[in-house]
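So the chains spell out like this:
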Protein chains: 2
Amino acid sequence: MCFYIVINDILKGLKNQEHKYIAQAISIVENNSSLNKNLLLNLKTSSMESIKIGITGPPGAGKSSITNQLIKKYRFEDKSVCALLVDPSSPFTKGAVLGDRIRMRDFYNDSKVFIRSIASRGSKGGLAENIDYISDIVEFSGFDVIIYETVGVGQVELDVVDSVDTTIVVLVPESGDDIQVMKAGLIEIADIYVINKYDRKDSDKLFLTLTNMLQLADKDKWIPKIVKTVAINDIGIDSLKDELAIHRKHLIKSNKGLDKYNDRFIKKIKHRLISDFENSFWNKKRYEFLNSEIEKDINDRLDIDSIINKIKSI
Amino acid sequence: MCFYIVINDILKGLKNQEHKYIAQAISIVENNSSLNKNLLLNLKTSSMESIKIGITGPPGAGKSSITNQLIKKYRFEDKSVCALLVDPSSPFTKGAVLGDRIRMRDFYNDSKVFIRSIASRGSKGGLAENIDYISDIVEFSGFDVIIYETVGVGQVELDVVDSVDTTIVVLVPESGDDIQVMKAGLIEIADIYVINKYDRKDSDKLFLTLTNMLQLADKDKWIPKIVKTVAINDIGIDSLKDELAIHRKHLIKSNKGLDKYNDRFIKKIKHRLISDFENSFWNKKRYEFLNSEIEKDINDRLDIDSIINKIKSI
């Protein structure tokens, strides 16, 4: 069957880390060709084989610079690197994609660096499931390092955090206001904090605020480290890389890396089951009934409980 | 039945806009007492009865100040106001909640202002569904104005946007870098842009950038307005309120308000169906089988397709 040949080509291409096939596999996921997608989902991956890093933080904190510098450092050790830039999907963000691509042009001709922007919402509205698939694809491709760079704070970032082993939260001195920092909700997701643009004023104040805040952290757990950087000048990036290695050792030694892998494994199964449920549940008759209710005046509609019961009974 | 009496008390309390009962109803949702929750979901609401505003943007942009000033303005017209502050849920963010409460103390003794922080992730991991319920509760309570204030950019914000009629995206002059603004993914969700702290430098540059960007917007649709504010000094807030009224008129006239209501109605039904599916699907036997696979060495596990088929067949 022609179809299987294509999938086999892709699988072989992935194993050889050929960019063309990695891009093709990610497109299959993003375009939601369910059948191919399901085949791709069964790519066998392992725990703690790639170094999987998430980089998040508010817009303008310098996440892209840090990603760039880390790629350079890992390339210096001849490690292959995949960087996935998670953008909120938008017709306008094509500009952002381009912007990132321009900034990433240092690596344009490096066959061991694969960079791709991925939309945070697929055609069906969910990032979470797409991230599962894309994550499997790039892990299966055997990159030594996989970096997810994501903007902002929210469900998207929490999905990304679930997909990596080590999460870096990037802040800038201006993030210093105690309440704002806490409000950013970045506290409990960070394994490592980076205070970037440390040459600006108020850096020490933010360092102190963070240090004090981390006193509250559970001593039995990993206490997040704070690294000071000026990413565009390559200051502090080596320390960051050292901290990444220390956290990685901690994950392996404490078996937490495996726990994270298992959580992802379970999550994938649950997502798949919901997706299967939705695909099989919503047939033409059910949609027709729902639409007939929506066409009514608000006050003439059945209550939601009754609509649900009726839909189920069809 | 005692149970129904309690629910009836709550319903009556909601209709009278009694804070105690509103808080109690929201707690029922947040604590996920499913039975009570289902009763609350059937609260009848209408389209475009309350003024429903979402305020989002990066941390530190001044969203709380804008919320505060808007509450004051609406109170001046004797409108009742409900402000829901959506925080990424975290053991640490208790501080943030407190922070907001302190800032909101202007309204502590005002019985026509109800302010509440709500966690962005419920015990089951989803904001989306909880927002549906909470939204129904506060709408049913008949507040004239409902404001959702939320931090950051991501799925959480998109869920909030789905729950309101008008979305305000707050930026500050420092958000000016073209690429960063676009990357923030805030473009297509805004009905109104606020450039806050307009007294700072680079404000005009950001105004120009935004104006140029909006040229790209679809002319047949609503073209977002840009309002300049210095919220802490009450500069520009009246203009913002005027723009809110204009957008509201547009929604009513074009029937888009009703479309939004219907989208929410459908979304609620779909969420409920998924939730029902998950509750009935995951029984003890299925969990036991899943756990037995997880306990195996990674390489000895079945592939995910086989696990899913097996689980379904149990």
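Criteria and thresholds
- Residues numbered from 1 in each chain as written.
- Chains lettered and ligands numbered in written order.
- Predicted model: local features only at pLDDT ≥ 70, side-chain atom pairs only at ≥ 80, totals over all residues.
- Heavy atoms only, no water.
- Helix = DSSP H or I, 4+ residues; strand = E, 2+ residues; numbered from the N terminus.
- Buried < 20%, exposed > 50% of the residue type's maximum accessible area, 1.4 Å probe, protein only.
- Contact = heavy atoms within 4.5 Å.
- Areas by Shrake-Rupley, 256 points an atom, 1.4 Å probe, with all protein chains shown as cover.
- Expected span 1.5 Å × (residues − 1).
- Arc of directions from axis to C-beta.
- Polar contact = N/O pair within 3.5 Å; in protein donor to acceptor, adjacent residues only side chain to side chain.
- Phe/Tyr/Trp six-rings, centres within 6.5 Å; stacked < 30°, edge-to-face > 60°.
- Axes fitted to C-alpha atoms, helices over the stretch in contact; angles between N-to-C directions.
- Parallel < 35°, antiparallel > 145°, perpendicular 65-115°, else oblique.
- Left-handed = near helix turned anticlockwise from the far one by under 90°.
- Nonpolar A, V, L, I, M, F, W, Y, C, P; charged D, E, K, R; others polar.

Scanning chain A from terminus to terminus reveals 13 helices and 7 strands. Here chain A, with 314 residues, has 57% of them falling under the buried criterion. In chain A, 75% of the contacts between residues at least 6 apart in sequence involve partners at least 24 apart. Surface accessibility of chain A: about 13,700 Å² in total, with carbon and sulfur atoms responsible for 52%.

Side chains of residues three or four places apart in an α-helix project in the same direction, reflecting 3.6 residues per turn. Residue and element names in this part refer to chain B. Under the 1.5 Å per step criterion, the end-to-end length of helix H9 (residues 203-214) is 17 Å for 12 residues, consistent within 8% with the ideal 16 Å. Among the residues making up H9, those that are buried are Ser203, Leu206, Thr209, Leu210, Met213 and Leu214. Take H9 and look down its axis: the buried residues cluster within an arc of 130°, on one side only. Exposed side chains of H9 directed beyond 90 degrees from the buried face belong to Asp204, Lys205 and Leu208.

Here methionine 48 of chain A, not a glycine, exhibits a phi torsion of approximately 60°, which is positive. Note that methionine 48 of chain A resides in the loop between helix H3 (34-41) and strand S1 (51-56). In this model, asparagine 255 of chain B sits at a positive phi of 70°, which is unusual for a non-glycine residue. Looking at the element boundaries, asparagine 255 of chain B is found in the loop between helix H10 (237-253) and helix H11 (256-281). By relative accessible area, which is 44% here, asparagine 255 of chain B ends up partly exposed.

Residues and elements named next belong to chain B. Considered for burial, the residues of helix H13 (residues 304-313) that qualify are Ile304, Ile307, Ile308 and Ile311. Viewed end-on, H13 has its buried residues packed into an arc of 100°, placing them on one side of the element. With a side-chain oxygen positioned 3.1 Å from the backbone nitrogen of aspartate 305, the residue opening H13 is aspartate 303.

Take the packing of aromatic side chains next. Working definition: an aromatic ring pair is given by the centre-to-centre distance plus the angle between the planes. Residues and elements named next belong to chain A. A complete count under the given rule lists 11 aromatic pairs over all chains for this structure. When the ring of phenylalanine 114 is compared with that of phenylalanine 143, the centres are 6.4 Å apart and the planes differ by 35°; the resulting orientation is tilted. Highlighted residues: phenylalanine 114 in strand S3 (residues 113-119) and phenylalanine 143 in the loop between helix H6 (127-140) and strand S4 (145-150), separated in sequence by 29 residues. Across the pair, phenylalanine 143 and phenylalanine 114 agree in class, each one buried.

Let's shift gears to the environment of lysine 44 of chain A. Inspection of the secondary structure assignment puts lysine 44 of chain A in the loop between H3 and S1. Residue lysine 44 of chain A is classed as partly exposed on the basis of its relative accessible area of 42%. Separated by 96 residues in sequence, lysine 44 of chain A and phenylalanine 140 of chain A have C-alpha atoms that sit 6.8 Å apart. Not counting the four nearest positions on each side in its chain, lysine 44 of chain A is found in contact with Phe140 of chain A together with Ile298, Asn299, Arg301 and Leu302 of chain B. Among the polar contacts made by the side chain of lysine 44 of chain A, one reaches the main-chain carbonyl oxygen of arginine 301 of chain B at a distance of 3.0 Å.

The contact between helix H11 (residues 256-281) of chain A and H11 of chain B brings their axes to 11 Å, and the two run at 120°. Taken as axis vectors, H11 of chain A and H11 of chain B run oblique relative to one another. For the crossing formed where H11 of chain A meets H11 of chain B, the hand is right-handed. Across from Leu273, Ile274, Phe277, Glu278 and Phe281 of chain A in H11 of chain A, the residues of H11 of chain B making contact are Leu273, Ile274, Phe277, Glu278 and Phe281 of chain B. Per-class residue counts for the contact of H11 of chain A with H11 of chain B are 8 nonpolar, no polar and 2 charged.

Geometry only, nothing functional implied.
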